[in-house]
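The primary structure of each chain is shown beneath.
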Amino acid sequence: MANSLGQSSSRTTETIRKSEHLWFKDCGLVIRTGNVIFRVSGEILAAKSPVFRDMLQIPQPSDGETIDGCSVVCLPDDPHDTTAFLRALFDSEFFEPYPSETDFNTIYGVLKLSNKYLIDFLRRRALIHLSCRYPTTLEGWTGSTPMSWKIEPDLLIPVINLAREVSALWVLPAVFYALCITTPHHFRALARGVPFRDGLARLTPADLEIFLEGSYAQRECASAMLQFLWHPEHLQGCTTYGRCYVARCAERKYREGLQYQLGYQPLELWGEAEWRQLAPGICLHCVGRMKDMHRQAVRAFWDDLPVKYHLPCWEDLELMKEIAFA
Ligand SMILES: [Zn+2]
């Protein structure tokens, strides 16, 4: 448990507590965020961050707050974020590079503050962790990329807000897609916000508008994903097209519910299981053509995904990611 202090040596009467993991007695700088204090090395912070270097060069007033004889620097950041950020900096095993396991709270704090205080290696490390769940290629989405952290529906809005704040736009198409999948859960989340840190996280009005329009467009694509079942009537090269068309239409009727049940996730609407269960009356030639058409529909949906959510095209997003990871 963290220690509690009744008060510091001057000014402060609010109950404050020492950070459990970040109180190094041989270090001379105390950082305070909210009611949590951290005792760390100002010299290491200054060496890693140009923002801290400049901040710590400003002489402290002689009557400034001190704790255990150390001058106190107050920062406006969230104590959870500061804990994650300082631990990542001072405890080398706390936030190891991808694919080591971590969690969203840690990524959030480290990324937000390494971005703010310009600590490039931590920013890059956190961005790589964040991005592993939200690929920029279809192969990445359908493949089995190792995930270093777990997601739950309530975290999607904080992920979007974080990505906006640190300009990690390349994750957004896949995050918006994932948020749309959580229908109808997200109706409540959009209206009320989701619990995060000590308050509620909401989409900005601009992102709410983008999401509502985009998720409607995403839902509308369900029909295009299954179009191979009925269009065109005669697949070129088929010698039994009358029989095949009847079987395809029967399959369409049988699968109609899919469009409604899984319509919010067009990429997952039709997969290996559905191909295996396809009506036996369809000739192999038609099955081959149908697979080609489905592949093309999936590809077209993926290619168009950033545009649905008012984002730059995949090529530009991948370039941004490449620069951020370099
Ligand atoms: Zn056929």
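Residues numbered from 1 in each chain as written. Predicted model: local features only at pLDDT ≥ 70, side-chain atom pairs only at ≥ 80, totals over all residues. Heavy atoms only, no water.

**Describing the side chain of Ser-148**
Okay, so step 1: Looking at where Ser-148 falls in the secondary structure, it is placed in the loop between helix H6 (138–142) and helix H7 (156–165).
Okay, so step 2: Residue contacts for Ser-148: discarding those within four places in its chain leaves Tyr-98, Pro-99, Ser-100, Glu-101, Thr-102, His-129 and Cys-132. (Helix = DSSP H or I, 4+ residues; strand = E, 2+ residues; numbered from the N terminus. Contact = heavy atoms within 4.5 Å.)

**Topic: the coordination of the zinc ion**
Okay, so step 1: For the zinc ion, the full set of protein donor atoms is Cys-238 (SG), Cys-244 (SG), Cys-283 (SG) and Cys-286 (SG), and the range of their distances to it is 2.3 Å.
Okay, so step 2: Here the zinc ion is ringed by four donor atoms whose angles at the metal span 102 to 115°, and the overall shape comes out tetrahedral.
Okay, so step 3: The motif formed by the donor residues of the zinc ion, counted along the single chain, is C-x5-C-x38-C-x2-C. The residues Cys-283 and Cys-286 share a single accessibility class, namely buried. (Donors = N, O, S within 2.8 Å, 3.2 Å for Na, K, Ca; no water. Tetrahedral: all angles 85-135°; square planar, octahedral: opposite > 155°, others 65-115°. Buried < 20%, exposed > 50% of the residue type's maximum accessible area, 1.4 Å probe, protein only.)

**A few points about the nonpolar core**
Okay, so step 1: By size, the foremost hydrophobic cluster in this structure holds 94 residues, and its most contacted members are Ile-31, Leu-45, Phe-104, Leu-130 and Met-290.
Okay, so step 2: No other element matches helix H14 (residues 284–308), which puts nine residues into this core.
Okay, so step 3: Taken together, domain 1 (4–77) and domain 2 (167–326) each give at least three residues to this core, which thus spans both.
Okay, so step 4: Excluding residues within four positions of it along the chain, Leu-45 makes contact with Leu-29, Ile-31, Val-40, Phe-52, Leu-86, Leu-89 and Phe-90.
Okay, so step 5: Trp-23, Val-30, Ile-37 and Ile-67 belong to the second largest nonpolar core, which has seven residues in total. (Core = buried A, V, L, I, M, F, W, Y, C linked by side-chain atoms within 4.5 Å. Domains from an automatic or database assignment.)

Nothing here speaks to function; it is geometry throughout.
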